[in-house]
Amino acid sequence: MRGRRIPLALPNTGTLHRKRNTYYLRGIIVITLVIFLFLQLHAFNFPESRDPLLTEPTNDSVDAILSMVPSVLHKFLQPKTRNQTLAASLHQNGTLINGMLAGGGVGGVGGGGGLVSFVDLYHPPNISEIKRQIAKYNDMQLVLNEYTFGPLQNDSVIIVIQVHTRIIYLRHLIVSLAQARDISRVLLIFSHDFYDEDINDLVQSIDFCKVMQIFYPYSIQTHPNEFPGVDPDDCPRDIKKDQAIIRKCNNALYPDLYGHYREAKFTQTKHHWWWKANRVFDQLEVTKYHTGLVLFLEEDHYVAEDFLYLLEMMQRRTADLCPQCNILSLGTYLKTFNYYTYNSKVEVMPWISSKHNMGFAFNRTTWTSIRKCGKHFCSYDDYNWDWSLQHVSQQCLQRKLHAMIVKGPRVFHIGECGVHHKKKNCESNQVISKVQQVLRIARKSGQIFPKSLTLTVASLIKKTKLRKGNGGWGDHRDHDLCMNMTLPIR
């Protein structure tokens with residue numbers, strides 16, 4: 001007969017307690033993963049975002065873009081040609097614009113019996129007039145709005161914008177600048193290589209900060225049939241060297257690295273960049289003793305409203321975050337990014353021309369070092385100013401160019417077409433609308449104007465190899481012109 005079983009308590013080995021802790025730990029991990037995934041779903045992707053506010057197709061109509069801009073700034077986006085301005089003036093004077101009779105025109109216009117069109121009313125300046133206007137502007141060195149905003153301070157930022165002919169992009173850049181905090185303290189310098197009175201009217205209508213215009217005097221526009229434009233005796237781009245020598249065309253002995261001869265439309269951009277840098281740092285009365293930052297932008301850029309705030313914060317933190325940095329970069333060419341992760345993060349690395357040439361700034365100390373290497377810049381066989389600057393850093397500078405780069409960009413590239421890129425659709429609306437959406441969401445979610453900066457470890461970068469240039473800069477006339485833009489070093 002079996003005895004009755006009596007249950008006995010087992011000794012407490014902690015097994016149940018450990019199991020309970022394991023469940024708690026797994027729960028915490030699951031919750032953490034859920035939170036992480038939630039944040040990632042709110043990442044701000046540039047071309048397409050998963051944010052609920054961007055799930056619908058971006059409306060890139062003109063009305064939609066205007067709705068994102070304060071109404072007081074609409075004036076910068078509304079095209080107004082010289083003919084329209086003249087037409088409005090004539091209307092105010094009670095004059096019939098579209099049907100002025102012969103002999104009844106304004107100021108004696110229209111004496112031939114017929115109607116006078118807007119084209120007849122306004123005549124663009126010829127080359128001689130353009131040269132006179134350029135010389136006048138460059139000699140006057142007029143600073144607009146100085147009476148309103150006061151003289152340039154040494155700790156103020158100078159913003160230099162390289163302008164060609166793309167007025168649509170320029171309008172949007174100006175609107176973005178107008179919305180930036182502390183923009184009233186800066187000096188905006190527009191550097192033009194094409195004289196256009198509609199662009200001049202737009203620039204001179206800026207009323208939110210000090211403004212100056214400078215004009216590159218050796219442009220293709222003012223030298224259409226001679227160097228630095230296209231001389232009729234220039235060697236064709238693809239002619240063989242021996243044929244060029246027989247033909248005795250200009251610069252026959254010096255094709256570029258790839259056997260090609262110069263193309264003026266490509267050489268102008270490098271000339272213009274070098275001229276404007278020399279002009280701003282060493283020649284303009286208002287800037288030649290300035291020791292603060294000079295920020296370089298182009299007509300097809302767009303800025304976030306905290307770009308100046310962040311630039312000055314980066315400048316203050318350079319001493320402890322990156323003592324070797326001599327360039328601060330606000331723009332990147334990443335197609336995707338998210339402000340939740342990167343809004344206040346910066347990284348440091350050697351300056352790379354193809355990555356850090358957009359919205360970058362340096363001071364007079366860095367410029368002085370670059371200027372001393374002018375021969376390397378001006379003789380390097382590459383028509384790109386940024387690749388030439390990288391060559392200067394690698395081959396000449398004792399202290400190489402080293403950059404602090406903001407991970408969440410504050411300068412965007414909105415240009416769909418330009419010197420290097422030609423597309424069937426050159427409309428700017430689509431890209432501009434996406435940038436506006438990204439910045440709107442960042443603003444609403446408090447991801448701009450960070451209170452501090454965090455240095456992240458940059459991904460490993462292969463050592464930049466010394467490389468041949470891209471060519472297009474073999475003509476000795478270009479070398480000489482470039483060198484002559486630099487004042488003798490005192």
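Cut-off values and rules
Throughout, residues of each chain are indexed from 1 in the direction in which the sequence is written. Since the coordinates come from a predicted model, pLDDT governs what is reported: local features require at least 70, and pairs of side-chain atoms require 80 or more to be given and counted, while whole-chain, interface and lining totals use all residues. Derived side-chain values reflect all non-hydrogen atoms in the structure, with water molecules and hydrogen atoms excluded from consideration. UniProt positions are given in the numbering used here, feature names are shortened, and annotations may be inferred rather than shown by experiment. Here's how the labels work: a residue is buried when its accessible area is under 20% of the maximum for its type, exposed when over 50%, partly exposed in between, all with a 1.4 Å probe on protein chains only. Strands here mean DSSP runs of E at least two residues long; helices mean DSSP runs of H or I at least four residues long; both are numbered from the N terminus. Throughout, a contact is declared for two residues whenever any of their heavy atoms are within 4.5 Å. The criterion for strand pairing is that DSSP finds at least two bridges linking the strands in question. Only buried residues count toward a nonpolar core, which is a set of Ala, Val, Leu, Ile, Met, Phe, Trp, Tyr and Cys residues joined through side-chain atoms within 4.5 Å. Centre distance within 6.5 Å is the pairing criterion for rings of Phe, Tyr and Trp, where only the six-membered ring of Trp is used; planes under 30 degrees apart are then read as stacked, over 60 as edge-to-face, and the remainder as tilted. Over a ring means this: the NZ of a Lys or the CZ of an Arg is within 6 Å of the ring centre and within 35 degrees of the ring normal. Disulfides are defined as cysteine sulfur pairs within 2.5 Å.

As recorded in an unreviewed UniProt entry, the protein goes by the name Alpha-1,6-mannosyl-glycoprotein 2-beta-N-acetylglucosaminyltransferase, listed as coming from Musca domestica. Under the heading Subcellular location (unreviewed entry), UniProt records this for the protein: "Golgi apparatus membrane".

An α-helical turn contains 3.6 residues, so any two residues separated by three or four positions project in the same direction. Residues of helix α17 (residues 476-484) that are buried include every one of Asp478, His479, Leu481 and Cys482, and no others. Those residues of α17 that are buried lie in contact with α10 (264-283) and α14 (374-379).

Before going further, it helps to examine the sheet that holds strand β3 (residues 210-215). Pairing is mixed in the open sheet, where nine strands are placed in the order β3-β2-β1-β4-β8-β6-β9-β7-β11. Unpaired on one side and paired on the other, β3 and β11 (454-455) mark the two borders of the sheet. Pairing between strand β1 (residues 158-163) and strand β2 (residues 187-192): six bridges, direction parallel. By the bridge assignment, Ile161 is partnered in β2 with Phe190.

In this structure, Ile159, Leu177, Leu188, Phe190 and Phe208 are the most contacted members of the largest nonpolar core, which totals 48 residues. Looking at this core, the elements with two or more residues in it are β1, α7 (167-178), β2, α8 (197-204), β4 (294-298), α11 (307-321) and β9 (402-406). The element that contributes the greatest number of residues to this core is α11, accounting for seven residues. The contact partners of Ile159, leaving out residues within four places of it in the chain, are Leu177, Ile183, Val186, Leu187, Leu188, Ile189, Leu295, Leu297, Phe307 and Leu308. Membership of the second largest hydrophobic core comes to 40 residues, among which are Val143, Phe296, Cys378 and Trp473.

Before going further, it helps to examine the packing of aromatic side chains. By the definition in use, this model includes 20 aromatic pairs. When the centroid spacing of 5.6 Å and the interplanar angle of 45 degrees are considered together, the rings of Tyr195 and Phe215 count as tilted. In this pair, Tyr195 sits in the loop between β2 and α8 while Phe215 sits in strand β3, placing the two residues 20 residues apart along the sequence. Owing to a relative accessible area of 1%, Phe215 belongs among the buried residues under this scheme. Here the aromatic residues Trp273, Trp274, Phe281, Phe296, Trp351, Phe360, Phe362, Trp367, Phe377 and Trp385 are joined through ring pairs into a cluster of three or more. Positioned over the ring face of Tyr309 is Arg181, at 5.6 Å from the centre of the ring. Taking NZ or CZ as reference, Lys270 lies 4.2 Å from the ring centre of Trp473, over its face.

So, about unusual backbone geometry. As a rule of thumb, non-glycine residues mostly have phi less than zero, and peptide bonds are mostly trans rather than cis. Of the consecutive residues Phe227 and Pro228, the connecting peptide bond is found in the cis state with omega at 5 degrees. A positive phi angle, near 50 degrees, is found at Gln141, a position not held by glycine. Relative to the assigned elements, Gln141 resides in the loop between α5 (127-140) and α6 (146-149). In this structure, Phe449 is a non-glycine residue whose phi angle is positive, near 55 degrees. One can find Phe449 in the loop between α16 (429-444) and β11.

Next up on the list: the state of the cysteines. Scanning the model with the defined rule gives four disulfides in all. Here Cys235 pairs with Cys249 through a disulfide, and the sulfurs are 2.0 Å apart. On the sign convention where negative means left-handed, the S-S torsion of about 95 degrees between Cys235 and Cys249 marks this disulfide as right-handed. Of this pair, Cys235 sits in the loop between β3 and α9 (241-247) while Cys249 sits in the loop between α9 and α10, placing them 14 residues apart in sequence. Take Cys235: its relative accessible area is 5%, and that puts it in the buried class.

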